[in-house]
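Breakdown of the fold
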Amino acid sequence: MNTDAETVVRAAYRAAEGSILDVQGFVDLFAEDGVFNNVVAGETYRGEHLGDLVAFMGALAPDVHRELHRFHVMGNVVTVELTIRGTFTGPFETPAGTVRPTGAELDIPTADFWYVENGRIKEFNCYVGLSIMLAQLGVQPDFASAVTASAAVPS
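Presented here is a report on the structure given in the accompanying data block. Bear in mind the structure is a predicted one, so any value in this text is a computation, not a measurement.

With 12 residues, helix H1 (residues 4-15) should reach 16 Å at 1.5 Å per residue; the first-to-last C-alpha distance of 17 Å fits that figure. Among the residues making up H1, those that are buried are Ala5, Glu6, Val8, Val9, Ala12, Tyr13 and Ala15. Packing partners of the buried residues in H1 comprise helix H2 (23-28), strand E3 (65-74), strand E4 (77-87), strand E7 (105-117) and strand E8 (120-128).

See below:
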């Protein structure tokens, strides 16, 4: 039997599926002052921007699917261990320019923490395996530039 919090969270995952991609439906599940924290990337979304990351993932991998491995409900807190899967067929916009799609299969480990109050999402903290995602997109760290830049800094 689903609890209210579980029902809300499962609806959010459903709205974010590539085959559905209901960005407004995802946003509508949040409380008026709800927040979506993309913790690893250091990004926070509120208001009209709550669906930005859902839209981004839908553009990056139109077949995006979240496989829910472990689902735990503790009152109004829902924790989920999942894998974000999809095919990199959309562009990946970066500050340095656009990474062109490669058709690579994405298999990104993720942990989500949802806080639900009065049937609405108050806070969503997403911990996505960013380094794994970037590697699967073909984006590797530029250690040489970092070493050069640190050498130029006076001690």
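Read on, since the account is not over.
This paragraph deals with the nonpolar core. With 37 residues, the main nonpolar core has Phe26, Phe36, Leu60, Trp114, Ile121 and Phe124 as its most contacted residues. Of all the secondary-structure elements, those providing two or more residues to this core are H1, H2, strand E1 (30-38), helix H3 (52-60), E4, E7 and E8. The biggest single contributor to this core is H1, with 6 residues. Residue contacts for Phe26: discarding those within four places in its chain leaves Ala12, Ala15, Phe36, Leu50, Gly51, Val54, Trp114 and Phe124.

Taken as a whole and assessed by the stated rule, the structure comprises 8 aromatic pairs. Pairing Trp114 with Phe124 gives two aromatic rings, centres 3.6 Å apart and planes at 5°, and the pair type is stacked. Here Trp114 is found in strand E7, whereas its partner Phe124 is found in strand E8, with 10 residues between them in sequence. Trp114 gets classed as buried once you look at its relative accessible area, which sits at 0%. Among the aromatic residues, those joined into a ring-pair cluster are Tyr13, Phe26, Phe30, Phe36, Tyr45, Trp114 and Phe124. Just above the ring of Phe71 sits the side chain of Arg10; from NZ or CZ to the centre is 3.9 Å.

Rules and cut-offs
- Residues numbered from 1 in each chain as written.
- Predicted model: local features only at pLDDT ≥ 70, side-chain atom pairs only at ≥ 80, totals over all residues.
- Heavy atoms only, no water.
- Helix = DSSP H or I, 4+ residues; strand = E, 2+ residues; numbered from the N terminus.
- Expected span 1.5 Å × (residues − 1).
- Buried < 20%, exposed > 50% of the residue type's maximum accessible area, 1.4 Å probe, protein only.
- Contact = heavy atoms within 4.5 Å.
- Core = buried A, V, L, I, M, F, W, Y, C linked by side-chain atoms within 4.5 Å.
- Phe/Tyr/Trp six-rings, centres within 6.5 Å; stacked < 30°, edge-to-face > 60°.
- Lys NZ or Arg CZ within 6 Å of the ring centre and 35° of its normal.

No statement about biological role is implied by the geometric values presented.
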